[in-house]
Protein chains: 2
Amino acid sequence: MATKPITVKGTRDFTPLQMRRRNYIFDTIKEVYRLHGYLPIETPAMETLSTLMGKYGEEGDKLLFKILNSGNFMEKAAPQAGPDAPCRVEAEDSALLSRNLLPKISEKGLRYDLTVPFARFVVQHQGEITFPFKRYQLQPVWRADRPQKGRYREFYQCDADVVGSDSLLYEAELVQMIQEVFQRLGIRVQVKINNRKILYGIAHAVGCPEKMTDITVAIDKLDKIGLEAVKAELAERGLPSEAVEKLVPVLLLQGDTEAKLKVLQDYLKDSEVGLKGIEEMRTLFTYIADMGLSVPCELDLTLARGLNYYTGAIFEVKAEDVQMGSICGGGRYDDLTGIFGLKGVSGVGISFGADRIYDVMNDLNLYPEALNSGTQVLFVNFGEKEAVWCFALASKLREAGISVEIYPSAAKLGKQFSYADSLHIPFVAVLGEKEHEQGVVVLKDMKSGEQTPLTLEEIIKKIQA
Amino acid sequence: MATKPITVKGTRDFTPLQMRRRNYIFDTIKEVYRLHGYLPIETPAMETLSTLMGKYGEEGDKLLFKILNSGNFMEKAAPQAGPDAPCRVEAEDSALLSRNLLPKISEKGLRYDLTVPFARFVVQHQGEITFPFKRYQLQPVWRADRPQKGRYREFYQCDADVVGSDSLLYEAELVQMIQEVFQRLGIRVQVKINNRKILYGIAHAVGCPEKMTDITVAIDKLDKIGLEAVKAELAERGLPSEAVEKLVPVLLLQGDTEAKLKVLQDYLKDSEVGLKGIEEMRTLFTYIADMGLSVPCELDLTLARGLNYYTGAIFEVKAEDVQMGSICGGGRYDDLTGIFGLKGVSGVGISFGADRIYDVMNDLNLYPEALNSGTQVLFVNFGEKEAVWCFALASKLREAGISVEIYPSAAKLGKQFSYADSLHIPFVAVLGEKEHEQGVVVLKDMKSGEQTPLTLEEIIKKIQA
C-alpha cells in the first residue's frame, strides 16, 4: 500500500486561486518593468558550485542545495576503486568526511538568488550585450534555510537591474517603478533611501573607517532591537565608547531629507567619500522631484541592508498599513561582475519580495474580485444533441476571450450546478431544446440567482462588463 | 584571477529575444488552456525521492537529479561516527558504494516530469479538489540525460490534464485545444490518434495478450526503423512468427479512420477490450465532428507512445511543414494516482513540447515581427532640463501601455542612436528646446529613417498602429 505522498519540507504547492493571485502580482511587476524598457532573461536552476560558492558568505555556502553527481558519484571519491580493489572512504568524524567528500561527489547547486546568476550571465554573454543592459528576471530560488512562517526553501525573486552605467537616473527610475508597482497593486508604501558612501563617511567621521561593516550591520538592527542594544552591539564589535557616542546623534537625526543632508554635510566634511554620497543623494532626490513621483521617499540613515556588495544608494520599501518587513529592496553595486573577472561594470537593481507582497495583499484584502474564479461560464450538459449546440456557442465565447467549459456528462442538474458552485464559476448557461428553438441561452448569475434568456451577443456583453 | 564562469552542461540561458519568443508560445498555450476552463497550479522543483523513484522505470531513476542532504550529509551514512570513533564507508567497488550510500545521503530529487507531481498533488489535496479537476501546469523539469541537439537537462513541459472523469468529451476537448494552439501559432499540424485498448485487443487477436507491451514498443518504432526491423524486433521479443505475420496486415492497414475501424471491428471481434477501444474511437471521432474541428485527425495504429500508464486514447501531433518529432502528445490513463494510494481516478492529458515548437517556429519564420524589439521608444537625453520634459511624456506613453526609456546621460547623439539600433528599438523620440516650445516631439522611425514632429496623442496612435 502506497503511503500518502507529501511536499518537501519548506516548499509549497500552489492551488489555482493562489496561482491567480500570485500571477496577478508577478504580471504587475513584469508589466511595470517592461514599460520602463527592462528586458526579460532567464537562467538555469542549476549553476556550477564554482559559480555559487563563496558568493554568499560561509553561511550562504551551507544553505546552497547541492546536486549529487549523476551515476556512480563515488567514482572520483574512491580512486582506487575497481572490481578487485577495496574502495574505502574514511575520516575521523562524519562532519569532516562530509566536508572532504563534497567536492568529489557534487559539482552543481541550485541558484540561491538571481544576482550571482545575472553577474555570470553578463560575463558569459558580454560580447552580445548592449550596455547599459536593463534586465528583469522572475524565477524561483532555493535555500536550505530552516523553514518558518514566511520563510520557504523555494521562493520567487523578482529582480530588475541595470548594469554598465553609473547614471543616477536609474536609481530614480527604480523608485518610479516601485511607486508604479505598488500603486497598481493598491498598497500604500514608504520608500527608505540611504547611501553606503554616507555610511562609510560616518564610520570615517567617528574615527573607525575600518569598522564600517560592523557599524552598518549594527545600524541595520536599530528598528528591531532599539538604540541601547545597538550601542551594546557596537561596543561588542570593538567600537570604542567615544566612537559609539559620536555615532548616536547621527542615528537619531530627525527632520526631512534636506535637513538631514544639511547636518551631514558638516558632519562628513572631512570624508571625500561621504560628501560624494551626499551629492548622490541630492541628485537622486532632485530626479525624484523632477519625475513628479508622489510616493513618500525619505533619507533613512539607519537603513544599511545586509549585502556587502552595495556601494552607493540603497533602498527599502515598507507597507504603510501592515506590520511586515521590507517588501522590496535594492541598491547600487560597483563591482558585481568583478567576482567573475569583468571589472568596472557598475550596476543598480531592486527586488520585489513576492511572498511578502502576497501576504500584505491578503491581509488588506486587495485582490480584485475577478481573481476568485477561473472559468467564467459553465454550460449545463443535457445530452449529446444539446452538447453539440453548446460546442458552437462555447467556441464563440472563447473567441471573445471568455473562459468556458461544458459539463462532461448529462449528470443530474444539481450535481452540475454544485460543480459550478464549488469552483466559483459565476455564470451557468442553460441551452436545452426550448432555448435552442428560441435562439437564446438562459444565463444564471450564480451570485444573484437571476436567470435571463440572452442572445450570444448579450452574453458576451454581460460577462465582459 | 577569476575564471570565466559558464552554464551547467545541458542547460541554457535565455536572452531577451529568446524570452519574448518563448513567452509568446507559453502565453498562447496558457490562454487556450484558460479559455477551456483549465486551472493553473504549480508544484515545487524538489520532490521527495520516495515520490519520484520507481515511477519512470530503472532508466528514469538513473536520470533523476538527486539533491544532497544539507549539512553533515554523512551523518546517517556512518552511524558509528563521533568525536572518538573512526568513521568508515567501504565497499568492494565504487558503483556499489554509490548505490549503498545514495539512500543515506539524499532524500530529494528534482522533478522529472509534471505528471507524477500532479498525481502527488491530487492525492495530497484530494479533500480540497472538486472533480473533475482540470489543471494546467507549465514548469521546467530536469533530466540527467546525455545532452544533444534538441535535448536538454532542463526544459519546460506544458501540460493540461483532467482527472476524475472518464467522459470522452475531454479527449475531444484536448484535440480542440491542440487545434487552437497551433492555429494561433500558425503551425499546420496533423493529429494522430490511437487507443491502447485497441492495441491490447490486437495483442489478444494475434494470440499473445501478455506481449502487449512488447508489441506496442515495437510498433512505436515503425516510423523510425521500418516494417522489417519491427518484425525482427518482435521476433526477438519472443513473438512467435505466426503472431508476427498475423500482426502485419494491421500495421499496414490503409484507408480513412472509418475504413480502419470497420476492418478492426471484425479483427477484434473476440476481444471485449478491443471492441471497447473501437467504440471509444468512434465516439471520439463523432465528438470531433460535432465540434466542427478542422485539424486533420487520423486513427494511426502504429502510434503507441512509450508511457506504460496510458490505458485509452493516445495522441501525437506532428508539424506538416517541418521534419521534426512529435510536438505534442498525450493520452488517457486510468490509474495514475493509484501509485499514491488513490484508486479509481481516471484522467486524460496532453503536453506541448515547447522546445520543439520553438524550433519549428524558427524554421518556418512564424514569430510576429513585434517580438524582435523590447523597448518601443527611446527618448534622447540632451541634459537635465530636457530630461525633465521627457519624464512627463514618458509617463504618459507608459500609461498607454507603451514601453519607453530615456537614455541615462547626455551622451553624443551617435552613441544614443546606436544604442537604440543595437536593441532594435523601433522609435527614437527627440525632445529639445525647439520641440518643447512647439509642443511636439520629433519621432524617428528607425527602420524608414523618417522623422516626424508629432503631438503626444499622435505618437500614441502611431506606435499602437
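Residues numbered from 1 in each chain as written. Chains lettered and ligands numbered in written order. Predicted model: local features only at pLDDT ≥ 70, side-chain atom pairs only at ≥ 80, totals over all residues. Heavy atoms only, no water.

**Brief notes about the overall build of chain A**
Phase 1: A count of helices and strands for chain A gives 17 helices and 17 strands.
Phase 2: Against the compact-globule benchmark of 23 Å for 465 residues, chain A has a radius of gyration of 29 Å, which places it well outside the compact range.
Phase 3: Taken along the three principal axes of its C-alpha coordinates, chain A extends 90 × 80 × 45 Å.
Phase 4: Here chain A holds 465 residues, and 58% of them are scored as buried.
Phase 5: Long-range pairs, those at least 24 residues apart, make up 69% of the contacts in chain A between residues at least 6 apart in sequence. (Helix = DSSP H or I, 4+ residues; strand = E, 2+ residues; numbered from the N terminus. Rg over C-alpha atoms; globule rule 2.2 N^0.38 Å. Buried < 20%, exposed > 50% of the residue type's maximum accessible area, 1.4 Å probe, protein only. Contact = heavy atoms within 4.5 Å.)

**Topic: the environment of A:Phe315**
Phase 1: Turning to its location among the elements, A:Phe315 is positioned in strand β10 (residues 310–319).
Phase 2: Residues A:Phe315 and A:Ile350, 35 residues apart in the sequence, show an inter-C-alpha distance of 7.9 Å.

**Some details on the sheet that holds strand β6 (residues 133–142) of chain B**
Hydrogen bonds along the backbone pair up the strands of a sheet, which may run parallel or antiparallel.
Residues and elements named next belong to chain B.
Phase 1: Strand order across the open sheet formed by 8 strands is β1-β6-β7-β12-β11-β10-β8-β9, with mixed pairing between neighbours. A strand with exactly one partner marks an edge of an open sheet, and here the two such strands are β1 (39–40) and β9 (297–299).
Phase 2: Pairing of β6 with strand β7 (residues 154–163), which is carried by 10 bridges, proceeds in the antiparallel orientation. Across the sheet, Tyr136 pairs through a bridge with Ala160, a residue of β7.
Phase 3: Across the sheet, helix α13 (residues 354–364) touches β7, β10 (310–319) and β12 (347–352), and the angle it forms with β7 is around 115 degrees. (Pairing = 2+ DSSP bridges. Axes fitted to C-alpha atoms, helices over the stretch in contact; angles between N-to-C directions.)

**Section: the relation of the copies chain A and chain B**
Phase 1: Superposing chain A onto chain B takes a rotation of 180 degrees plus a shift of 0.0 Å along the axis, which leaves an RMSD of 0.1 Å. Classification of the inter-copy transformation places it as that of a two-fold axis.
Phase 2: Residue by residue, 100% of the interface of chain A is reproduced at the interface of chain B, so both copies engage with the same surface. (Least-squares fit on C-alpha atoms with pLDDT ≥ 70 in both.)

**Observations concerning helix α11 (residues 257–267) of chain A**
All names here are of chain A.
Phase 1: The set of residues buried in α11 consists of Thr257, Lys260, Leu261 and Leu264. Here the buried residues of α11 occupy an arc of 95 degrees about the axis, which is enough to place them on one side.
Phase 2: Looking at the buried residues of α11, the elements they touch are α7 (196–205), α12 (272–290) and β9 (297–299). (Arc of directions from axis to C-beta.)

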